[in-house]
Amino acid sequence: MKSDRLRAIALFSGGLDSILAVKLIEDQGIEVIGVTFVTPFFSAKAAEKSAKEIGIPLIIKDITEEHFEVVKSPKRGRGKNMNPCIDCHSLMVKVAGELMEETGASFIISGEVLGERPMSQRRDALKLVEKDSGFEGYLLRPLSAKLLDETIPEREGLVDRERLLGISGRSRRVQLELAEKYGLKEFPAPAGGCLLTDIGFSNKLKELLKRNENPSRKSLEVLRFGRHFWLDGALVIVGRDQNENDNLLKLAEEGDTILFAKDFPGPLTLIKGEVGDDILKKAAELTTRYGKAKELGEVEMVYRKPWQEPKTFTFRKPKG
């Protein structure tokens, strides 16, 4: 990627803070290339939309393999749930630093604000992120730069520190004023999009890891959908609506079993693990409980392995 212009790599989530960080650097005549990340726990949708709206190129990096190792064994601990925020951000800065070197960029920027998030944006945490990434001194945080140590691009005169900001804390007042100044009308809410911060999802992941330390990618993705039940070592996932039914079907792997009630609307059930008659009966009871066949004493059930011919059996609801 050849260019005579000074260039920076932006960690770009698509949220307001990351958009403003880009704008502040572009105001100094510096070209910005965004990078965003995907794993089974977060997507690039918001970043893709925002990058298109503000007109910056965006690189999408799938970091699932490295990131999952961080999730399982975080060096710097976790937040309230399964979110290893400091280690996660360090990994992202590391990947961004590698892109910096590949693209001929001079430094990295992010939209982090000192004190905005209690775990990952404390002063000490921000320093740890840089240190662990291997690119200490090259990460510039334009929104809080005046409150942080001077970075290499500032010392070398690549960036005018006086034109950067000194925002801290959780108030969004300054950011919203800047959004108005730049004519930004739509941007994602600042809540973040990482499923690892969600208690329900985190509990599902913990249960999975108790039984399988190295689950497949689809086994991680399927945690987003359905009601989950562990039955004698098998994971039974019952869809809650047609969208979840469709996603469970897409995420079925070789060895899984698909189950549903014949001729009655209701959930599709995905069974991961060994399936004997007892598991099939228990899964059928759950499937009928949440569907239109719940009042019937006898229901014809269809089951099959992915890409195999279906089979049927009659499920008789237990009395009492």
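What counts, and where the lines are drawn
Residues numbered from 1 in each chain as written. Predicted model: local features only at pLDDT ≥ 70, side-chain atom pairs only at ≥ 80, totals over all residues. Heavy atoms only, no water. 1 Å grid on protein atoms, 1.4 Å probe; cavity = no way out; pocket = protein on both sides within 12 Å on 5 of 7 lines; lining within 4 Å. Points joined across faces, edges and corners; volume = space filled by probe spheres on them. Nonpolar A, V, L, I, M, F, W, Y, C, P; charged D, E, K, R; others polar. Disulfide = S-S within 2.5 Å. Pairing = 2+ DSSP bridges. Helix = DSSP H or I, 4+ residues; strand = E, 2+ residues; numbered from the N terminus. Axes fitted to C-alpha atoms, helices over the stretch in contact; angles between N-to-C directions. Core = buried A, V, L, I, M, F, W, Y, C linked by side-chain atoms within 4.5 Å. Buried < 20%, exposed > 50% of the residue type's maximum accessible area, 1.4 Å probe, protein only. Contact = heavy atoms within 4.5 Å.

Draft legend 1. Fine view of empty space enclosed by the protein. Evaluation of the coordinates by the stated rule reveals one cavity of 30 Å³ or more. Put simply, the largest cavity is a space of about 30 Å³. For the lining of the largest cavity, the class distribution of residues is five nonpolar, four polar and one charged.

Draft legend 2. Spotlight on the state of the cysteines. Taken as a whole and judged by the stated rule, the model has zero disulfides. A disulfide-free cysteine, Cys-85 has its sulfur positioned 6.8 Å from the sulfur of Cys-194, the nearest such atom.

Draft legend 3. Summary view of the sheet that holds strand S7 (residues 234-238). Sheet architecture is open: six strands sit in the order S6-S7-S9-S8-S10-S11, paired in antiparallel fashion. Where the open sheet ends on each side, the last strands, each with one partner, are strand S6 (227-231) and strand S11 (311-316). Sheet twist, expressed as the average angle between the axes of neighbouring strands with direction ignored, equals 25°. In this sheet, strand S9 (residues 269-272) lies alongside strand S8 (residues 257-261) in antiparallel orientation, the contact comprising three bridges. When the sheet's bridge partners are listed, Leu-259 is paired in S9 with Thr-269.

Draft legend 4. How the structure looks around the nonpolar core. Residues Ile-9, Leu-11, Phe-37, Phe-41, Ile-108 and Leu-205 are the most contacted members of the largest nonpolar core, which totals 35 residues. Within the residue set of this core, elements represented by two or more residues are strand S1 (7-11), strand S2 (31-38), helix H3 (64-72), helix H4 (85-103), helix H5 (123-133) and helix H8 (199-211). Sorting elements by how many residues they give to this core places H4 first, with 10 residues. Contacts of Ile-9, omitting those with residues within four sequence positions, involve Ile-33, Val-35, Ala-96, Leu-99, Met-100, Thr-103, Ala-105, Phe-107, Ile-108 and Ile-109.

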